[in-house]
Amino acid sequence: MRYVLLLRGINVGGKNKVSMSDLKDLLLTIGFEDIDSYINSGNLFFGSALDREICISKITNVLESNYDFSIPFALISKEDYLAEKAK
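Residues numbered from 1 in each chain as written. Predicted model: local features only at pLDDT ≥ 70, side-chain atom pairs only at ≥ 80, totals over all residues. Heavy atoms only, no water.

Q: In this structure, what is going on with the overall build of the protein chain? I would like to understand it.
A: Across its full length, the protein chain carries three helices and four strands. For the protein chain, the α and β elements follow one another from N to C terminus as β-α-β-β-α-β-α. Since a compact globule built from 87 residues should have a radius of gyration of about 12 Å, the 13 Å found for the protein chain is in line with a globular shape. Seen through its C-alpha atoms, the protein chain measures out along the principal axes to roughly 35 × 30 × 20 Å. Taken across its 87 residues, the protein chain has 32% of its residues classed as buried. A fraction of 60% describes how many contacts in the protein chain between residues 6 or more apart in sequence connect residues 24 or more apart. Summed over all atoms, the accessible surface of the protein chain reaches about 5,400 Å², with 52% contributed by carbon and sulfur. Treating the 10 positive side-chain charges of the protein chain as one cloud and the 12 negative ones as another, the clouds have centres 7 Å apart. (Helix = DSSP H or I, 4+ residues; strand = E, 2+ residues; numbered from the N terminus. Rg over C-alpha atoms; globule rule 2.2 N^0.38 Å. Buried < 20%, exposed > 50% of the residue type's maximum accessible area, 1.4 Å probe, protein only. Contact = heavy atoms within 4.5 Å. Areas by Shrake-Rupley, 256 points an atom, 1.4 Å probe, with all protein chains shown as cover. Lys, Arg positive; Asp, Glu negative; His and termini not counted. Charge placed at Lys NZ, Arg CZ, Asp CG, Glu CD.)

This is how it looks when you write it as structure tokens:
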């Protein structure tokens, strides 16, 4: 399954800095695969055999354990994204 991870409120105006390469490494360590990012925007794409709820739990844990600020996010499956885009 491919997912789109949308992080909010990071890398804006020099605040809440998150290195996409560091975040990609963190996501690799929890088992996500084929991770790509779109510039430094906080938009990432990755693959996982895990269902969405387990991915959300793992991402929440990684963000809370590695950053001293809150990072709201949305996780959307590729299929849901494409269905929404087609509307």
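Back to the text.
Q: Where do I start with the packing of aromatic side chains in this structure?
A: Note on aromatic pairs: each is described by the distance of the centres and the angle between the planes. If you walk through the whole model with that rule in mind, you get three aromatic pairs. With a centroid separation of 5.8 Å and 50° between ring planes, the pair formed by Tyr67 and Phe69 is classed as tilted. Following the ring pairs from residue to residue traces out a cluster consisting of Tyr3, Phe32 and Phe46. (Phe/Tyr/Trp six-rings, centres within 6.5 Å; stacked < 30°, edge-to-face > 60°.)

Nothing here speaks to function; it is geometry throughout.
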